[in-house]
Amino acid sequence: MLNRFLLFTLFLLPCFKLSGQCTSVKIETDPFDSTRVVYDKPLNIGGLVTSNFEVEEGNKMVEEAKLLVTYAENDSIESFFLTLALMEWEYQVLEAGENVMLLLENGSIVKLNTVEDRGTLDKKTNMRRYEAVCVLPIDLYYALAHFKTEKIRLQYKSGIKRTVSLFPEQQKKFQQTIRCVGEAAGVMPVKP
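In this text the structure is predicted, and so the values were computed from the model without any measurement. (Residues numbered from 1 in each chain as written. Predicted model: local features only at pLDDT ≥ 70, side-chain atom pairs only at ≥ 80, totals over all residues. Heavy atoms only, no water.)

### Considering the overall build of the protein
As a reminder of what qualifies: Elements are defined by DSSP. Helices are runs of H or I of four residues or more, strands are runs of E of two residues or more, and each kind is numbered from the N terminus. Residue contacts are counted whenever heavy atoms from the two residues lie within 4.5 Å of one another. Methods summary: accessible areas were calculated by the Shrake-Rupley approach with a probe of 1.4 Å, and residue burial reflects only the protein chains presented.
A tally of helices and strands in the protein yields three helices and 11 strands. For the protein, the α and β elements follow one another from N to C terminus as α-β-β-β-β-β-β-β-β-β-α-β-β-α. Intrachain contacts of the protein at a sequence separation of at least 6 include 58% that bridge at least 24 residues. Carbon together with sulfur atoms contributes 56% to the accessible area of the protein, which is approximately 11700 Å² in total.

Rendered as structure tokens:
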């Protein structure tokens, strides 16, 4: 009997470890269409860059980029989404298509489809903010849950490519966010 209890405890231990690290995940249900949305707080990635907003000490420093992982589910959709928000000094156009690429730690490159975005002016930084909203297919979701993401590249219509490198701690946090949203959505951990 004691052996069964120990095996049961050891079997559940990894699940509780992950759950304890997922305290910031939120689940909301839209009262109009019953869409269930699971998300974690946005994650700052990359370093700090100078903005076009000047203060006494010089230009204000802002985060290079932010990532948001969400999962949406209703009668007609059930999908993960990855939103990458970037600040740019000049006007760009982000076309719809495979314009976001992720470089994983195993060397593979994942291409994601995004929607068109022409950016909005952020008055706090005097820069344009672009949001690349990408659908994350379930097979790519599992790849991101298994492998850390080292770099993210976004390509604008003009041909300009913007690459954001994730520091090791940011790589861990991004992978943890992927796993936490998946756990709250019911797709993690994978059950045989």
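Still more to cover.
### Considerations on the packing of aromatic side chains
Put simply, the rule reads: Working definition: a ring pair exists when centres of Phe, Tyr or Trp rings (six-membered ring for Trp) sit within 6.5 Å. Plane angles under 30 degrees give stacked, over 60 give edge-to-face, the rest tilted. Relative accessibility decides the category of a residue: with a 1.4 Å probe and only protein chains considered, values under 20% of the type maximum give buried, values over 50% give exposed, and everything between is partly exposed.
Taken as a whole and assessed by the stated rule, the structure comprises four aromatic pairs. A ring pair is formed by F80 and Y141, whose centres lie 4.1 Å apart and whose planes are at 10°; its orientation type is stacked. Of this pair, F80 sits in strand 5 (residues 78-88) while Y141 sits in helix 2 (residues 138-146), and the two are 61 residues apart along the sequence. On the basis of relative accessibility, which here comes to 2%, the residue F80 falls in the buried class. What makes Y141 buried here is its relative accessible area of 0%. Geometrically, the ring pair formed by Y141 and Y142 is edge-to-face, given 5.2 Å between the ring centres and 70° between the ring planes. By relative accessible area, Y142 is classed as partly exposed at 30%.

### Focus on helix 3 (residues 168-185)
Just so we agree on the cut-off: What a helix is expected to span follows from its residue count: subtract one and scale by 1.5 Å.
Given a rise of 1.5 Å per residue, 18 residues ought to cover 26 Å, and the 26 Å separating the end C-alpha atoms of helix 3 matches this to within 8%. Listing the buried residues of helix 3 in full gives Q170, Q171, F174, Q175, Q176, T177, I178, C180, V181, G182, E183 and A185. Just past helix 3, the residue G186 takes up positive phi, approximately 95°.

### Some remarks on the pairing of strand 6 (residues 97-104)
The condition is simple: When DSSP locates at least two bridges between a pair of strands, those strands are taken to pair.
Bridge count between strand 6 and strand 7 (residues 109-114): five bridges; the pairing is antiparallel. Pairing of L103 across the sheet is with I109, part of strand 7. Once strand 6 ends, the chain turns through four residues before running back antiparallel as strand 7, passing G107 with a positive phi of about 90°. For strand 6 and strand 10 (residues 149-155), the ladder comprises five bridges, and the chain directions are antiparallel. Each bridged residue has a counterpart across the sheet, and for L104 the counterpart in strand 10 is T149.

### Some points on the state of the cysteines
Keep this limit in mind: To count as a disulfide, a pair of cysteine sulfur atoms needs to be within 2.5 Å.
The final tally for this structure, using the stated rule, is one disulfide. One disulfide bridge connects C22 with C180, the sulfur atoms lying 2.0 Å from each other. Here the S-S torsion is close to -75°, and the disulfide linking C22 with C180 is therefore left-handed. In this pair, C22 sits in the loop between helix 1 (2-20) and strand 1 (26-29) while C180 sits in helix 3, placing the two residues 158 residues apart along the sequence. For the pair C22 and C180, one class covers both residues: buried.

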